[in-house]
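Each chain, written out:
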Amino acid sequence: MALQLRVFVPPHPLVKHWLGVARDANTPSSLFRTAMTELGRWLTYEAAREWLPTFDTTITTPLAPCPATFVNPEVPMMIIPILRAGLALMEGAQSVLPLASVYHVGFVRNEETLEATCYLNKLPATLAPETRVLISEPMLATGGTMLAAMADLLERGIQPDNVRVVAIVASPIALQKLAEAYPALTIYAAIIDEGLDENGYIVPGLGDAGDRTFGT
Ligand code: URA
């Protein structure tokens, strides 16, 4: 059976609340960072469903033996924040996945061509195929950055069905491109917006996620 791109938009009041805070142009940078942290936390929590490897065992409570399930520490787990805006989701993501290793990858977008160029890549040369990868990228706008990041991960040995993308806002065009290139990918987003403006910004979106996070 062919796998299809899965996009989840959790219908959770906390996701809606923090998305509203993040979108509001009057939200100051300090509160915007809080909103991104909370969105990173709840979307990572949702993304960990059916993705985190577990093992079953038996433990003993103070009263009796009983079955228990734990996160399997033997399966490598990594979070990849796409710099710079991906850093904004990290505190929340790490609060859910404290054992995950963090590997930074940086992309810069050419403002005229909208092409993404990688300027930093801290990933190891090879990765075990069973590695669970969570990519933190708040804005899936043209999809160019995520396509490049996925191509790089696959070259290093990652299986696309072990990858979860945590985004805040996704555009239909980015989702379409990712579905064509990586049908086994799974994406968690707070919202799917209408489209892009002539500068490649998502509308209504939330503006420049990096600028709003870092106050620049
Ligand atoms: N990057 C952003 O930060 N915002 C957008 O709307 C698109 C790309």
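About the thresholds
- Residues numbered from 1 in each chain as written.
- Predicted model: local features only at pLDDT ≥ 70, side-chain atom pairs only at ≥ 80, totals over all residues.
- Heavy atoms only, no water.
- Helix = DSSP H or I, 4+ residues; strand = E, 2+ residues; numbered from the N terminus.
- Contact = heavy atoms within 4.5 Å.

*Asks:* Just to check I follow, could you spell out the side chain of Ser 136 for this structure?
*Replies:* Tracing the chain through its elements places Ser 136 in strand 8 (residues 132-136). Once you skip the residues sitting within four places of it in the chain, Ser 136 turns out to touch Ile 80, Pro 81, Ile 82, Gly 86, Leu 89 and Val 166.

*Asks:* Looking at this structure, how should I read unusual backbone geometry?
*Replies:* Note on backbone geometry: most residues besides glycine have negative phi, and most peptide bonds are trans. Note that the residue after Leu 83, namely Arg 84, is joined by a cis bond; omega there is 0 degrees. Within the element layout of this structure, Arg 84 appears in the loop between strand 4 (77-83) and helix 3 (90-96). In this structure, Pro 204 follows Val 203 across a cis peptide bond, with omega equal to 0 degrees. Turning to its location among the elements, Pro 204 is positioned in the loop between strand 15 (202-203) and helix 6 (209-214). The phi dihedral of Leu 114 falls on the positive side, at around 65 degrees, and the residue is not glycine. Of note, Leu 114 is situated in the loop between strand 6 (105-109) and strand 7 (116-121).

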